[in-house]
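# Structural features, examined
Listed below are the residues making up each chain.
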Amino acid sequence: MQPNISKESEQFIESFEDFFETTLCGYIIADARGSILRANAKIAGWINSTPKELKGKRISDLFTIGGKIYYETHLAPLLRMQGFFDEIVLDLKSETGEKSRVIVNAMERKDKDGQPAFIRYTILKARDRMQYEQNLQNDKKIAESQLLKEQEIVLLREQLIAVLGHDLRNPLSAIEMAVELLSSSAGASHEKLLGTLKRSSARMVELVNNIMDFARTRMGEGIVLLRENVMLETVLQQIVAEMQLIYPAREIRTEFHITEPVFCDAHRIAQLFSNLVSNAITHGYPESPVKVHAFHLNGYLELSVYNNGIPIPEDLREMLFSPFTKEINRPSQNGLGLGLYICSEIARAHQGTLSFTSDRQETCFTFLIRPQS
Amino acid sequence: MDVLKRNNVVVKGKGTQVMLFAHGFGCDQNLWRYVAPPFEDNYKVVLFDHVGAGASDLSAFEPHKYENLEGYANDILEIATALRLENIIFIGHSVSALMGIIAYHKSPELFKSLVLVAPSPSYINDGGYVGGFTKAQIEELLESLDQNHLGWSTTMAPVIMGNAERPELSDELANSFCRTDPSIAKHFARTTFLSDGRNLLSSVNIPSLILQCADDVIAPKEVGEYMHGQMKDSTLVMMKATGHCPNLSAPKETIDAIKLFLS
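Read on for a plain summary of the structure. This structure is a prediction, so every number in the text was calculated from the model and none was measured.

## Structural notes on the overall build of chain A
Regarding its fold elements, chain A presents twelve helices and twelve strands. The buried share of chain A, reckoned over its 373 residues, is 27%. In chain A, 57% of the contacts between residues at least 6 apart in sequence involve partners at least 24 apart.

## Notes on helix H2 (residues 69-82) of chain B
All names here are of chain B. For H2, built from 14 residues, the straight-helix expectation of 20 Å at 1.5 Å per residue is met to within 8% by its first-to-last C-alpha distance of 20 Å. Residues Leu69, Tyr72, Ala73, Asp75, Ile76, Ile79 and Ala80 constitute the buried set of H2. Along the axis of H2, the buried positions cluster into a sector of 150 degrees, meaning they face one direction only. On its buried face, H2 is in contact with helix H1 (3-6), strand E2 (18-22), strand E3 (44-48), strand E4 (88-93), helix H3 (95-106) and helix H8 (182-193). Downstream of H2 by one or two residues, Arg84 has phi in the positive range, about 55 degrees.

## Re unusual backbone geometry
Residue A:Asn48 is not a glycine yet carries a positive backbone phi of 55 degrees. Relative to the elements of secondary structure, A:Asn48 occurs in the loop between helix H3 (41-46) and helix H4 (51-54). Even without being a glycine, B:Asn87 presents a positive backbone phi close to 50 degrees. Here B:Asn87 lies in the loop between H2 and E4.

## Describing helix H7 (residues 191-218) of chain A
Owing to its 3.6 residues per turn, the α-helix aligns residues three or four sequence positions apart on the same side. All names here are of chain A. The end-to-end C-alpha distance of H7, which contains 28 residues, comes to 40 Å, matching closely the 40 Å that a straight helix rising 1.5 Å per residue would cover. Residues of H7 that are buried include every one of Lys198, Ser201, Ala202, Asn210, Ile211, Met212, Asp213, Phe214 and Ala215, and no others. At its buried positions, H7 is contacted by helix H6 (127-185), helix H8 (232-246) and helix H12 (339-349).

## Focus: the interface of chain A and chain B
Often, the extent of an interface is quoted as the loss of accessible area upon association of its parts. In this assembly, 26 residues from chain A lie in contact with 32 residues from chain B. Listed by contribution, the elements that provide at least two residues to the side of chain A that touches chain B are helix H5 (65-82) and strand E3 (84-93) of chain A. When residues in the side of chain A that touches chain B are grouped by element, the largest group, 15 residues, is from H5(A). Of the residues belonging to the side of chain A that touches chain B, the class tally is eleven nonpolar, eight polar and seven charged.

## Concerning the nonpolar core
Generally speaking, nonpolar side chains in soluble globular proteins are found buried as a group. One finds B:Met19, B:Leu20, B:Phe21, B:Ile91, B:Met99 and B:Val115 to be the most contacted residues of the largest nonpolar core, which totals 103 residues. Setting aside anything within four residues of it in sequence, one finds B:Met99 in contact with B:Ala22, B:Leu69, B:Tyr72, B:Ala73, B:Ile76 and B:Gly92. One finds A:Val262, A:Leu276, A:Tyr341 and A:Cys343 within the second-largest nonpolar core, a separate group that totals 35 residues.

## Side note on the packing of H2(B) against H3(B)
Residues and elements named next belong to chain B. It is the contact of H2 with H3, at a shortest axis distance of 8 Å, that shows an interaxial angle of 65 degrees. Of the possible angle classes, the one that applies to H2 and H3 is roughly perpendicular. For the pair H2 and H3, the crossing hand works out as right-handed. Contact residues: Leu69, Glu70, Tyr72, Ala73, Ile76 and Leu77 in H2; Leu98, Met99, Gly100, Ile102, Ala103 and Lys106 in H3. Residues of the contact of H2 with H3, tallied by class, amount to nine nonpolar, one polar and two charged.

## Quick word on the environment of B:Met1
Residue and element names in this part refer to chain B. Summarising the element assignment, Met1 is placed in the segment before H1. Judged by the 9 C-beta atoms lying within 10 Å of it, Met1 falls in the exposed class. A C-alpha to C-alpha distance of 8.9 Å links Met1 and Ala60, two positions 59 residues apart in sequence.

## Considering the sheet that holds strand E11 (residues 353-358) of chain A
Residue and element names in this part refer to chain A. With mixed pairing, the five strands of this open sheet are ordered in space as E7-E9-E10-E12-E11. Each end of this open sheet is capped by a strand with a single partner; those strands are strand E7 (252-257) and E11. Taking each pair of neighbouring strands and ignoring which way they run, the sheet shows an average axis angle of 10 degrees. Across seven bridges, strand E10 (residues 300-307) lies against strand E12 (residues 363-369) in antiparallel orientation.

Procedures and definitions
- Residues numbered from 1 in each chain as written.
- Chains lettered and ligands numbered in written order.
- Predicted model: local features only at pLDDT ≥ 70, side-chain atom pairs only at ≥ 80, totals over all residues.
- Helix = DSSP H or I, 4+ residues; strand = E, 2+ residues; numbered from the N terminus.
- Buried ≥ 20, exposed ≤ 12 C-beta atoms within 10 Å, placed from the backbone.
- Contact = placed C-beta atoms within 7 Å.
- Expected span 1.5 Å × (residues − 1).
- Arc of directions from axis to C-beta.
- Nonpolar A, V, L, I, M, F, W, Y, C, P; charged D, E, K, R; others polar.
- Core = buried A, V, L, I, M, F, W, Y, C linked by C-beta atoms within 7 Å.
- Axes fitted to C-alpha atoms, helices over the stretch in contact; angles between N-to-C directions.
- Parallel < 35°, antiparallel > 145°, perpendicular 65-115°, else oblique.
- Left-handed = near helix turned anticlockwise from the far one by under 90°.
- Pairing = 2+ DSSP bridges.

Purely geometric stuff here, so don't read any function into it on its own.
Shown next, in the form of structure tokens:
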């Protein structure tokens, strides 16, 4: 294709004069000592001067006092030693005292003996860029201080949760003791009411424990284990018996094959197991039994809790083990949504896993510890 | 503390007579790259970087110590002690000229003569004294330092932050000479431009050479004339060289003037 340039324009393309003067940046040519030989109208215009007035001035005279000193003490030596400098931010000072920010590049043109002949400067306006950088800096500062504030609020909230959980424990255990005393002395007429009291307070103890564990994991302490060799079957039987006491109408079928002691935190495993069984009872059909299987062999420990019921909704599955996950349509039955989060933390602390399957037939939660290699 | 490491001290030359070169504000010992070598045949040439400049140990920087020029002068004396230097010909550029005068007053027995390149005892005009800057200008300078207005930090930072793991790369970076830690440079600027050593000049009792450049915005010719008037045994040379760094812009003229003074 033929270049589309008119005869009239052609003369400008190769013209030094046109290139130097009709352009978007400031050009200055100075002698090797930094005395201006020629400046274009662009740079002169930025400081309310003319190319004629600038001729003979020192290049550093164009800048503010700080820039002038910086130029003479740092940039001039740099230019002499290195032969150039790049992207130096300086403030121009106009005849009337106004400042404008620019980026300056310079190179020393050497003669055939390698001696400095003259210096070329290219000066670009940098006001918008510097404004942009300034804004970025400001935004960063604001974001940082906001983050700090948020973190403080989060910490306070978590401390509140921990304190609240702790303080709820005492009145709760008073209630439990009172229920205990009443059930041994009261007549059969109150049995139903006492059963309700027992279930409710047991549920509350579970919730309070979960809240406190949650606060601990969030505040960085995590779940701390006290591991020892325990006969786990006894512990699990105990939990089943307690559950049976609280929910006498529900059937819990157990199948335990644990013959050797297991190295674990018995209290935590009991908490995990109790949470899973309690969930199974809550979510299972009342008429169908909850099944509990536990196997221990060659370092494997597998603990499964089954129930028949409505499958876990699809949208909940992915975040089932995250804190505060619960079914929106049945909030009352789900408490705070911390139970499974705590369970998964307990599993993790034991270097184990907690997983689940859920379909129309059955929902099953499995806690698995593999042998340590 | 290893003083020689702290100040990146370099000793060269075949002679025994000591020439101790001190660079000024804004640069490092590279400033002497065209001036020092010709003296290596007959002299013991000692070069160093002030703390904060060049390859000095930045961790040795203490804001309080370097709040005034005496802190820097003490470093010069410590270098002299560490190398057991005596009978020193001290060559100081810019603000280091005043540091040399301070060091001389603290330990006059160590010094033989002073070569002061583009020196100034005080930068601010004061009554009849012409320092080159009005008080308002220096205040503007200090303010612009505080506001991080200038290139002091923005332009120097990338240089300082050059690839520490691959130093050979940073040598290829733009603007890699005269490295200065930006925050130290700011501090140094304050120390430099607020210094006033005028009262120290008249009691200098060794020969001194004052090299005064033409058209030097940092130290105008009135400053050189003032120093010459105050210092008894001084020689004033008005150079053809312009600007503040004749050691770079006019090395031959600088070398010739020093040689003439020493002979």
